[in-house]
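Per-entry structural report
Listed here are the chains, written in short residue letters.
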Amino acid sequence: HTLSLHDALPIYPQIAAEADESGSRLIYTVPSQESIQTWMQETFIVDAESSSAGNLYTCVKPTAFFKIYYLPLSREILFRTPHWRIDGTGLQILQNSFLQILADGPPNIIFDGSEVVRLAPSLNEAAAVPREPTPQVSRASDAELDVFQTGPPSIPIASLLNISPASPQRYRTTFSTEMTERIVSSCKMREITVTMAAHSALVIAMQPYTQHNFDSSTQGTGGGKYTGITALDLRKYLSAPWNGPLSAVSLYHTGLPFSIDLNKHQDFNAITAEMGAIHARSLRNDESQSAIEFLSSYVKKALGVLSAAPEDPLKAPAYQTVSSLGVIDNYLQRKHCGKVATV
């Protein structure tokens, strides 16, 4: 079964599908018993040597497969996949299903071709995005990208010159229960979300390190515009069943640009007020234009804008982004009671 990719969007990201040489189509092949065993050996890995998933993360190589690592020493399970197969919310939904299967015991799955009905449709199909954009839709996608006319996503931080990226690092900070309760309580009192607070705090925290126009003498002067992209989960805009668990293995999100004038909005409260409108934006009823309708046109144009190389890549600034998974408990249960075990 060949799955078409509509409008160059990275869609139909199924676990066992493989991309063709052009990268424009994903192909799912109904497996034989032998190929299932081969696939399992390639994608389910017992790592008896790594002391933690964090250590494994620094040395594991990129892969086109969706892989699961089991680490006996640290009693961890590491899910690892290229982003074109699945997004963060979908991965949480998938992990929840995985743990329920673990509690229920192995299911009786038959691979005879009938399983293709469970392949998630493209975002365009699930959201009923028009195939051919109207002039109004095209103008709306252009307007969405206007904020990038003054420059790329930023709060600009000077990059280290001639330093090649090394091993990726993951740092984890855990707040105590008391501190977490204080943060949540304070956010509720201000009628903002924790994500909005974290995003606004990032802007404040990075101001002392901001460097405008690659000039070191401007470091920490503040002001300017904070331009960026906010990631939005689109599942709530889709019709059933693609707004629920069946939407797990899919890429049902997008990133929309925003800009905040830091000369006008300088303190935490002012920045948070601007963030509120950004994070609370409705894509189905946004003024007179449904943003869902221009997604296809917008993505093509955004890829062109964001892929443009700077004049001198070594002088290009680094910038920070916030990517929130929201309230994880909404997707991933703490306890799974099944037919054979409680996980």
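Note that the structure is predicted; figures quoted are calculated from it, not measured. (Residues numbered from 1 in each chain as written. Predicted model: local features only at pLDDT ≥ 70, side-chain atom pairs only at ≥ 80, totals over all residues. Heavy atoms only, no water.)

**Quick look at the overall build of the chain**
- Scanning the chain from N- to C-terminus turns up nine helices and eight strands.
- Of the contacts made within the chain by residues no fewer than 6 positions apart, 69% connect residues no fewer than 24 positions apart.
- For the chain, the accessible area works out to roughly 20800 Å², and carbon and sulfur atoms hold 54% of it. (Helix = DSSP H or I, 4+ residues; strand = E, 2+ residues; numbered from the N terminus. Contact = heavy atoms within 4.5 Å. Areas by Shrake-Rupley, 256 points an atom, 1.4 Å probe, with all protein chains shown as cover.)

**What about the sheet that holds strand β5 (residues 67-71)?**
- Read from one edge to the other, the open sheet built from three strands follows the order β4-β5-β6, with strand pairing classed as mixed. The sheet is open, and its two edges are formed by β4 (44-46) and β6 (76-80), each paired on a single side. On average, each strand axis in the sheet is inclined to that of its neighbour by 20°, with strand direction left out of account.
- Across three bridges, the pairing between β4 and β5 is parallel. Looking across to β5, one finds that F44 is bridged to I68. (Pairing = 2+ DSSP bridges. Axes fitted to C-alpha atoms, helices over the stretch in contact; angles between N-to-C directions.)

**Brief notes about the side chain of E144**
- Inspection of the secondary structure assignment puts E144 in helix α5 (residues 135-144).
- Contact partners of E144, with chain neighbours within four places excluded, come to L256, P257, R281, F294 and Y298.

**Remarks on the environment of A270**
- Mapped onto the secondary structure, A270 falls in helix α8 (residues 268-279).
- In sequence terms A270 and S200 are 70 residues apart; their C-alpha atoms lie 9.1 Å from each other.

**Some details on the packing of aromatic side chains**
- Scanning the entire structure with this criterion turns up two aromatic pairs.
- Ring geometry for F79 and F98: centres 5.4 Å apart, planes at 85°, overall edge-to-face. With a gap of 19 residues between them, F79 in strand β6 and F98 in helix α3 (residues 88-104) connect regions that are remote in the sequence.
- Here the aromatic rings of Y226 and F258 are separated by 5.3 Å at their centres, their planes lie at 80°, and the arrangement is edge-to-face. Placement of the pair is Y226 in strand β7 (residues 225-233) and F258 in strand β8 (residues 253-261), with a sequence separation of 32 residues.
- Owing to a relative accessible area of 5%, F258 belongs among the buried residues under this scheme. (Phe/Tyr/Trp six-rings, centres within 6.5 Å; stacked < 30°, edge-to-face > 60°. Buried < 20%, exposed > 50% of the residue type's maximum accessible area, 1.4 Å probe, protein only.)

**Focus on the side chain of K67**
- Residue placement: K67 occurs in strand β5.
- Despite being buried, K67 has no salt bridge partner; E42 is the closest side chain of opposite charge, sitting 7.9 Å away.
- Every residue in contact with K67, bar those within four places of it in the chain, is listed here: E42, T43, I45, L78, F79 and R80. (Lys, Arg positive; Asp, Glu negative; His and termini not counted. Salt bridge = Lys/Arg side-chain N within 4 Å of Asp/Glu carboxyl O.)

**Points about the pattern of salt bridges**
- A full pass over the atoms with the stated rule returns four salt bridges.
- Note that D87 and R235 form a salt bridge whose closest N and O atoms lie 2.9 Å from each other. Of this pair, D87 sits in the loop between β6 and α3 while R235 is found in the loop between β7 and β8, placing the two residues 148 residues apart along the sequence. Comparing D87 with R235, the two get one shared label, buried.
- Taken together, the salt bridges that share partners define one network made up of D87, D233 and R235.

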